[in-house]
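Structural characterization, general
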Amino acid sequence: MTGSLDGKAVVVTGAGRGFGAAFAAHIAQAGAAVLVNDIDGDRAEQVTRDIRDAGGRAAASAQSVRDPDQADAIVGRCLAEFGSLDGLVNNAALYHEALPWEDDPDRVRDLVEVNVLGVMFCGMAASRAMRRQRSGTIVNICSEASSDRPRSGVYAASGGAVASLTYAWARDLEQVGVRVNAICPPPRTRTMEASRRPDPDRPDRPDRPDRPDRPDRLTLACSPGRASALVASVIIYLLCDRSAGITGHLVRLLGDQLQVVGQPAIRCGELWKVDDVAAAIDGVLPTPA
Ligand SMILES: NC(=O)c1ccc[n+]([C@@H]2O[C@H](COP(=O)([O-])OP(=O)(O)OC[C@H]3O[C@@H](n4cnc5c(N)ncnc54)[C@H](O)[C@@H]3O)[C@@H](O)[C@H]2O)c1
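Residues numbered from 1 in each chain as written. Predicted model: local features only at pLDDT ≥ 70, side-chain atom pairs only at ≥ 80, totals over all residues.

1. Description of the pairing of strand E7 (residues 250-254)
Side-chain positions along a regular strand alternate between the two faces of the sheet. As a reminder, the rule being used: Buried means a residue has 20 or more other C-beta atoms within 10 Å of its own C-beta, exposed means 12 or fewer, and partly exposed covers the counts in between; C-beta atoms are placed from the backbone. To qualify as a helix, a DSSP run of H or I must reach at least 4 residues; to qualify as a strand, a run of E must reach at least 2; elements of each kind are numbered from the N terminus. Being paired, for any two strands, means DSSP has found at least two bridges between them.
In terms of residue burial, E7 counts as a mostly covered element, since four of its five residues are buried. Of the strand pairs in this sheet, strand E6 (residues 178-184) and E7 are connected by three bridges, and their pairing is parallel. Its bridge partner being in E7, isoleucine 183 is matched across the sheet by valine 251. When E7 meets strand E8 (residues 257-261), the two strands line up antiparallel, connected through five bridges. When the bridges of E8 are listed, leucine 254 appears paired with glutamine 257.

See the structure below:
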């Protein structure tokens, strides 16, 4: 049986548990050799063993994504083990909730260093290797970008930064044959489940992502394992050759729908009258049925 990722080598950061461990297993099942990175080396080793026991190819790395030299080492290890770097899944992240006036600067700095700088450092290192190969794909896991989820402003801002990075890097890297996309998964694993509690200041208002009055929220009515498998299918699609040419997009999983956010450039009439704007936008942006 052939897999969509046969012959490819993929790094998954933060793959010692949660979404990352599931992504690594699904990517290996799809035929890729996987470098399982996690700052928790024991967990990375365990996920690596599990993949090998299931017949896949994997190696473990315990480097931290927030350090540029260690990010280089993650990429170097993939090249040394498997001979190429065809995919990078930037999944490692920290999460905490706090009201702005209560947040702790050290926690904020830690979150930004892992969620934003970590993605940048791993992406910079990967782009050097992929540019030499003139091929490769980067998939950034980018949560809650543009979200108004309470107590999560710093986390949402880190997702917003990664979304912007994705759009801009896609333009830079398309000239060397490398694609960059991002995915916003639904809130369904350990990190966020632990934080799903009523807002103590607003007991009348749960303010959780599965609020029935907010059907637009990122929710999947299924188990964490099923949610991971659904997100993994999107990642594998973006990593494999079937998505050739697709770059610079953010894919959100909204209930049973995929929402693809890009940077559509719409030609507008020369005088920019209201009619020109309407003619340019009508039929391009979806309107409610
Ligand atoms: N949990 C959710 O509900 C949810 C929802 C949407 C998106 N996401 C995103 O999915 C991704 C994974 O989330 P999760 O819930 O599985 O997280 P998790 O906390 O279960 O796992 C994150 C992993 O990253 C590792 N890590 C932390 N700092 C690191 C560093 N400096 N270098 C290398 N590894 C490091 C941790 O050790 C951990 O194993 C994140 O990008 C997160 O933003 C999660």
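2. Description of the environment of valine 162
Our working definition: For every residue pair, C-beta atoms are placed from the backbone, and the pair is scored as a contact if these atoms sit within 7 Å.
Considering the arrangement of structural elements, one finds valine 162 in helix H5 (residues 153-174). When the 25 C-beta atoms within 10 Å are taken as the criterion, valine 162 is described as buried. Sequence-wise, valine 162 and valine 116 are 46 residues apart; in three dimensions their C-alpha atoms are separated by 6.4 Å. In contact with valine 162, other than residues within four places in its own chain, are Val116, Val119, Asn140, Cys142 and Ala182.

3. Topic: helix H2 (residues 41-53)
Owing to its 3.6 residues per turn, the α-helix brings residues three or four apart onto one side. Selection rule: Working rule for helices: expected span equals 1.5 Å times residues minus one. Here the arc refers to the set of directions running from the helix axis out to each C-beta atom.
The terminal C-alpha atoms of H2, which comprises 13 residues, lie 18 Å apart, in line with the 18 Å expected from a rise of 1.5 Å per residue. For H2, the complete set of buried residues consists of Arg43, Ala44, Val47, Thr48 and Ile51. Around the axis of H2, the buried residues are gathered within 140° of arc, so they sit on the same side. Seen from the buried face of H2, the exposed residues on the opposite side, beyond 90 degrees, are Asp42 and Asp53. Considering only its buried residues, H2 is in contact with helix H1 (18-29), strand E2 (33-37) and strand E3 (57-61). Downstream of H2 by a residue or two, glycine 55 has a phi angle that is positive, lying close to 95°.

4. Overview of the environment of glycine 55
Inspection of the secondary structure assignment puts glycine 55 in the loop between H2 and E3. Overall, the presence of 8 C-beta atoms within 10 Å leaves glycine 55 in the exposed class. In this structure the C-alpha to C-alpha distance between glycine 55 and glutamine 29, which are 26 residues apart in sequence, comes to 8.4 Å.

5. Side note on the environment of alanine 24
On the secondary structure map, alanine 24 appears in helix H1. On the basis of neighbour counts, which here come to 33 C-beta atoms within 10 Å, the residue alanine 24 falls in the buried class. With residues near it in sequence (within four places) discarded, alanine 24 still touches Val12, Ala15, Val34, Val36, Val47 and Ile51.

6. Digging into the packing of H1 against helix H7 (residues 224-239)
Relative placement of two packed helices is described by the angle separating their axes and the distance separating the axes. Rule in force here: The axes are straight lines fitted to the C-alpha atoms, using for helices just the contacting stretch, and the angles between their N-to-C directions are given from 0 to 180°. Roughly parallel means an angle under 35 degrees; roughly antiparallel, over 145; roughly perpendicular, 65 to 115; everything else is oblique. Crossing handedness is defined as follows: a turn of the near helix away from the far one that is anticlockwise and smaller than a right angle gives a left-handed crossing, while the clockwise case is right-handed. In this classification, the charged set is Asp, Glu, Lys and Arg, the nonpolar set is Ala, Val, Leu, Ile, Met, Phe, Trp, Tyr, Cys and Pro, and all remaining amino acids, among them Gly, are polar.
Between H1 and H7, the least distance of the axes is 9 Å, while the angle of their chain directions is 55°. As far as their axial angle goes, H7 and H1 are oblique. In terms of crossing hand, the pair formed by H1 and H7 is right-handed. In this structure, H1 contributes Phe19, Ala22, Phe23, His26 and Ile27 to the contact, and H7 contributes Ser228, Ala229, Val231, Ala232, Ile235 and Ile236. Of the residues assigned to the contact of H1 with H7, the class counts are nine nonpolar, two polar and no charged.

In short, shape yes, function no, at least from these values alone.
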